[in-house]
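Spelled out, the chains give:
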Amino acid sequence: GPKVLQIPSHQIIDMGQMVTLNCDPVSNHLYFYWYKQILGQQMEFLVNFYNGKVMEKSKLFKDQFSVERPDGSYFTLKIQPTALEDSAVYFCASSPGTGANERLFFGHGTKLSVL
Amino acid sequence: GDKVKQSPSALSLQEGTNSALRCNFSIAATTVQWFLQNPRGSLINLFYLVPGTKENGRLKSAFDSKESYSTLHIRDAQLEDSGTYFCAACQNYNQGKLIFGQGTKLSIKP
């Protein structure tokens, strides 16, 4: 099926540093998402992104978080500065559209460890 | 409380048997998606549902929006079916903001 690629698969970083998580969405998809999963628990919505803009973000999407997709390259999640509670697995997803075309395809996740 | 509640939380099955997983919603879900998170952590999209049923091989899923629940049936369970099954509901076609359940951890034994 369609594949979403995430780079890197694991990132270890010291608290207070900046980190950028990269996502290569499915090529013809228009909507992009980030979700957060802590310790194998349920997934939590962070943000969705369409046409260069954030459409909606949750309360988990702190001021230190930002997303962008410059010129059709990677869809990125940047955290600056990082905090210990940011340790989690971050999943990127994409979908062709919304409504009836809203089937989400997820990447394999990036495990972020903040020390 | 949980907007999407899954049951059971864990299940152990013998290879070749059948199982049914369930999600109950306390929100007005418009669509439902089922995912399998395999032991490596990857999320695989199994079904995307509007109200109704879908079948794919040994898997069958139903979504009843009026009664606010969805089910996933696994027939003739195989070892590779092991993992955590998540259902996720979308509220009012809300642009990919899925609300996930806590998951059902399924273990298939030979």
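Relevant structure appears above.
Residues numbered from 1 in each chain as written. Chains lettered and ligands numbered in written order. Predicted model: local features only at pLDDT ≥ 70, side-chain atom pairs only at ≥ 80, totals over all residues. Heavy atoms only, no water.

1. Quick notes on the overall build of chain A
- Scanning chain A from N- to C-terminus turns up zero helices and eleven strands.
- Going from the N terminus to the C terminus, chain A shows its helices and strands as β-β-β-β-β-β-β-β-β-β-β.
- Relative to the compact-globule value of 13 Å for 115 residues, chain A shows a C-alpha radius of gyration of 13 Å, a close match.
- A total of 115 residues make up chain A; the buried ones form 46% of that total.
- The long-range share in chain A, meaning contacts at least 24 apart out of those at least 6 apart in sequence, stands at 54%.
- As displayed, chain A has an accessible area near 5,800 Å², and 50% of this comes from carbon and sulfur atoms.
- With 10 positive and 10 negative side-chain charges, chain A shows a spacing of 4 Å between the two charge centroids. (Helix = DSSP H or I, 4+ residues; strand = E, 2+ residues; numbered from the N terminus. Rg over C-alpha atoms; globule rule 2.2 N^0.38 Å. Buried < 20%, exposed > 50% of the residue type's maximum accessible area, 1.4 Å probe, protein only. Contact = heavy atoms within 4.5 Å. Areas by Shrake-Rupley, 256 points an atom, 1.4 Å probe, with all protein chains shown as cover. Lys, Arg positive; Asp, Glu negative; His and termini not counted. Charge placed at Lys NZ, Arg CZ, Asp CG, Glu CD.)

2. Here we look at the interface of chain A and chain B
- Contact residues are listed per partner, giving 22 residues for chain A and 23 residues for chain B.
- Across the chain A/chain B interface, buried area totals approximately 1,900 Å², and carbon plus sulfur atoms make up 51% of it.
- Of all residues in chain A, the largest losses of buried area upon contact with chain B belong to A:Gln42, A:Glu102 and A:Arg103, amounting jointly to 29% of the total for that side.
- Joining chain A to chain B, the criterion identifies one salt bridge.
- In this structure, B:Lys97 and A:Glu56 form a salt bridge, with 3.1 Å as the shortest nitrogen-oxygen distance.
- Where chain A packs against chain B, one counts seven residue pairs in polar contact (both at pLDDT 80 or more). (Buried area = accessible area lost by both parts, 1.4 Å probe. Salt bridge = Lys/Arg side-chain N within 4 Å of Asp/Glu carboxyl O. Polar contact = N/O pair within 3.5 Å; in protein donor to acceptor, adjacent residues only side chain to side chain.)

3. With respect to the sheet that holds strand S7 (residues 65-68) of chain A
Residues and elements named next belong to chain A.
- Spatially, S1-S3-S8-S7 is the arrangement adopted by the four strands of the open sheet, whose pairing is antiparallel. Only two strands of the sheet have a single partner each, and these edge strands are strand S1 (5-7) and S7. Taking each pair of neighbouring strands and ignoring which way they run, the sheet shows an average axis angle of 20°. (Pairing = 2+ DSSP bridges. Axes fitted to C-alpha atoms, helices over the stretch in contact; angles between N-to-C directions.)

4. Points about the state of the cysteines
All names here are of chain A.
- Applying the stated criterion to the full structure yields two disulfides over all chains.
- Two residues, Cys23 and Cys92, share a disulfide whose sulfurs are 1.9 Å apart. Its S-S torsion of approximately -65° makes the covalent link between Cys23 and Cys92 left-handed. On the criterion of sequence distance, the pair formed by Cys23 in strand S3 (residues 19-24) and Cys92 in strand S9 (residues 88-95) is long-range, its members being 69 residues apart. (Disulfide = S-S within 2.5 Å.)

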